[in-house]
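Listed below, chain by chain, are the residues.
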Amino acid sequence: MEKTCTRYRPEQISRFVDHELAKGIQDEVARHLVSCPDCRGLVDRYTALDRGFNHLAEHEILKFDPDQVKQRLGSALEDSRPPGIRVLKFFNKNIYLKLASIAAILIISLIPFRGALFDPSGPSAIVKSVDSDVASIMIFETQKEQHTIIWFSET
Amino acid sequence: MKGFITKIFILAGFFALLIQPVFANSQVLTEVKVIHASTGPVHVDPGLKPFASELESVFKYTSYRLLKDEQMNLEFNREGRVNLPGGRTLIVVPSDVKGKRIGYQINIRKNNHSIFQTRVLLKNNDSITIGGPRYQNGTLLFNISGSMH
């Protein structure tokens, strides 16, 4: 059945059923439904669909046995694994441990040198102090490369 | 496993020694460019193009001419001198290293009298520009860069 009322789109009606509309619009749609059998019909259809879906989902969840699934998945994985890999299982774990040790030790040994290896962020120069007899001094930096400029006027 | 960890520690120590020379260098390559900037006919010296394009966002100058380019290999706390136009002298002294920044003391003298001095921490392989003195219908800019390897 085609919807003839054009005040609200089917997506909006669907969101009304799911309580996803803003509070004010939700109330507006509710008021409109009192006088619009067309939109009310659509609300009924969506509600029925929702209910049916929820029922089906609940039914399927009740049938679900996590232990059974885990057991099936485990045996499927075991069967699909080549024999060589099954033998190397223990060594695999050991390799990860070794790689983790290497990574950890390298990171620890690099900490004191992080300043030497990576560029510091910020301006090209940090001005610690300025001393002058001149009338005015300005310190600024360019936007693109953060190039530091000290400007002084001799007069 | 114990032997393996020992080997890793030895490797890490060796790696650390390889990085150490970054700090061990006691000389700083310091370059001073003396530039005449003005609002005259549009002109940028070939070596100054990146510099001029960076500065055009903050300055109104249309002409950048390189008057002098001096490179000095300076030891820490040893001064490098550059004679500037108008009886001025620029004195740069690398003082120390903090992180990856080089500490510099910069002094500009005119007629044997200090008119400007500053202490800065300059990013390695980067530069600072000091400008302002009027010269021949334009302005002098001093671009000072430092690098340690």
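These numbers come from a predicted model, not from an experiment. (Residues numbered from 1 in each chain as written. Chains lettered and ligands numbered in written order. Predicted model: local features only at pLDDT ≥ 70, side-chain atom pairs only at ≥ 80, totals over all residues.)

Observations regarding the sheet that holds strand β4 (residues 80-84) of chain B
Thought 1: The antiparallel open sheet is built from five strands, whose spatial order is β1(A)-β7(B)-β6(B)-β5(B)-β4(B). Both edges of this open sheet fall to β1 (125-132) of chain A together with β4 of chain B, since each of them pairs with a single strand only. The average undirected angle you get between the axes of adjacent strands in this sheet is 20 degrees. (Pairing = 2+ DSSP bridges. Helix = DSSP H or I, 4+ residues; strand = E, 2+ residues; numbered from the N terminus. Axes fitted to C-alpha atoms, helices over the stretch in contact; angles between N-to-C directions.)

Here we look at the nonpolar core
Thought 1: Among the nonpolar cores identified, the biggest contains 33 residues, and B:Val32, B:Leu90, B:Val120, B:Leu122 and B:Phe142 are the most heavily contacted of them.
Thought 2: The element best represented in this core is strand β1 (residues 27-38) of chain B, accounting for five residues.
Thought 3: When neighbours within four sequence positions are excluded, B:Val120 is seen to be in contact with A:Ala125, A:Ile126, A:Val127, A:Lys128, B:Tyr104, B:Ile106 and B:Ile128.
Thought 4: If you look at the next biggest cluster of nonpolar residues, it comprises six residues, including A:Tyr8, A:Val29, A:Cys39 and A:Leu42. (Core = buried A, V, L, I, M, F, W, Y, C linked by C-beta atoms within 7 Å. Buried ≥ 20, exposed ≤ 12 C-beta atoms within 10 Å, placed from the backbone. Contact = placed C-beta atoms within 7 Å.)

Here's the deal with unusual backbone geometry
Residues and elements named next belong to chain B.
Thought 1: At asparagine 77, a position not held by glycine, the phi torsion is positive, near 65 degrees.
Thought 2: Summarising the element assignment, asparagine 77 is placed in the loop between β3 (63-75) and β4.
Thought 3: One non-glycine residue, asparagine 125, adopts positive backbone phi at about 65 degrees.
Thought 4: In this fold, asparagine 125 is placed in the loop between β7 (113-123) and β8 (126-135).

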